[in-house]
Amino acid sequence: MPWYRGDCHVHSARSTGGELTPEQVVAEARAAGLDFIAVTEHNTTDTYERFLAVAGDLLVLRGVEHTTPDGHWLEIEGGLRIAAHPFAPYPTGTMRRPWEEFDCVEVWNGLWASDRPWNADNEAALAEWKRRLGAGWRQPAIGGSDAHLAGQLGTPHTVVRAEALNPAAIVAGLRAGHSWIAGEPGLRLDPGASPLEVRHPDGSMAALRNPFDLA
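Residues numbered from 1 in each chain as written. Predicted model: local features only at pLDDT ≥ 70, side-chain atom pairs only at ≥ 80, totals over all residues. Heavy atoms only, no water.

Draft legend 1. Region of interest: the packing of helix α1 (residues 22–31) against helix α2 (residues 48–55). Look at α1 against α2: their axes get within 9 Å of each other, and the N-to-C directions meet at 50°. Relative to α2, α1 is oriented oblique. For the crossing formed where α1 meets α2, the hand is right-handed. Residue-level inspection shows Pro 22, Glu 23, Val 25, Val 26 and Arg 30 of α1 in contact with α2, the latter providing Arg 50, Phe 51, Val 54 and Ala 55. Class assignment for the residues of the contact of α1 with α2 results in 6 nonpolar, no polar and 3 charged. (Axes fitted to C-alpha atoms, helices over the stretch in contact; angles between N-to-C directions. Helix = DSSP H or I, 4+ residues; strand = E, 2+ residues; numbered from the N terminus. Parallel < 35°, antiparallel > 145°, perpendicular 65-115°, else oblique. Left-handed = near helix turned anticlockwise from the far one by under 90°. Contact = heavy atoms within 4.5 Å. Nonpolar A, V, L, I, M, F, W, Y, C, P; charged D, E, K, R; others polar.)

Spelled out as structure tokens, the structure:
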């Protein structure tokens, strides 16, 4: 089956702190070499049709980011539920709901307050995900840029093995964990032969794979 690159956590100016138009988001997705994006505005889906109108052959998944006092979570077509940035360092960003409520967990969230996309909250999310893997819990990890500003989209993004480039197939691949996370556009990885994680010399993550039937 082919592999498709996508950013599962994307915002436009419709979301608090966002500055990009749908046209700008689509242009950045194309520049990053992505095949799909999930539009996850804060608590609304009302920009989805506008994204569809400008997307061309870029697949756009309907999504939403629910922002609640107990944490933020993404809901994408097909009912896929993703715990977003579970250790984010602000009051509503820390996930207080049980991880068992979600199909996937976003262990790699993009730039927020440093000069690199791998931040301390990602390290905490990765550690908890790995602990749960060791305990036998099968919960796929994803990465999303959480892009609000220019230059953020696609860093990181998720590379999914799917039967086709359509919503049902992409969601099925994510749900099954047939995916790996790329820290930058164009990064290549042999999921079947590589270790669970690949790091840069400075300790920041370059790539992370799910260990679920990827060969």
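Next comes the rest of the account.
Draft legend 2. Expanded view of the packing of aromatic side chains. The tally for this structure, following the rule as stated, stands at 3 aromatic pairs. Here Trp 73 and Phe 102 contribute two aromatic rings whose centre-to-centre distance is 6.1 Å and whose plane-to-plane angle is 55°, an arrangement assigned as tilted. In this pair, Trp 73 sits in strand β4 (residues 71–76) while Phe 102 sits in the loop between β5 (80–83) and β6 (104–109), placing the two residues 29 residues apart along the sequence. Each member of the pair, Trp 73 as well as Phe 102, carries the same accessibility label: buried. Here the aromatic rings of Phe 87 and Trp 99 are separated by 6.4 Å at their centres, their planes lie at 65°, and the arrangement is edge-to-face. Here the residue Phe 87 occupies a position in the loop between β5 and β6, and Trp 99 occupies one in the loop between β5 and β6, the gap between them amounting to 12 residues. Under the relative-accessibility criterion, Trp 99 is labelled buried at 8%. Note that Arg 81 overlies the ring of Trp 73, its terminal NZ or CZ placed 4.3 Å from the centroid. Between Arg 138 and the ring centre of Phe 212, over which it is positioned, the NZ or CZ distance is 4.4 Å. (Phe/Tyr/Trp six-rings, centres within 6.5 Å; stacked < 30°, edge-to-face > 60°. Buried < 20%, exposed > 50% of the residue type's maximum accessible area, 1.4 Å probe, protein only. Lys NZ or Arg CZ within 6 Å of the ring centre and 35° of its normal.)

Draft legend 3. The arrangement of the side chain of His 148 in detail. Looking at the element boundaries, His 148 is found in the loop between β7 (141–144) and β8 (157–161). By relative accessible area, which is 15% here, His 148 ends up buried. One polar contact links the side chain of His 148 to the main-chain carbonyl oxygen of Asp 146, over a distance of 2.8 Å. Every residue in contact with His 148, bar those within four places of it in the chain, is listed here: His 11, Thr 16, Gly 17, Gly 18, Glu 19, Leu 20 and His 42. (Polar contact = N/O pair within 3.5 Å; in protein donor to acceptor, adjacent residues only side chain to side chain.)

Draft legend 4. Looking closely at the pairing of β6. Across the 6 residues of β6, 6 count as buried, placing the element largely inside the fold. The sheet contact formed by β5 and β6 spans 2 bridges and is parallel. The residue bridging Ala 83 from the neighbouring strand is Val 105, located in β6. Strand direction decides the pairing type here: β6 and β7, joined by 4 bridges, are parallel. Residue Val 105 lies in a different strand from β7, and its bridge partner there is Ala 141. (Pairing = 2+ DSSP bridges.)

Limitation: the analysis is restricted to geometry and does not speak to function.
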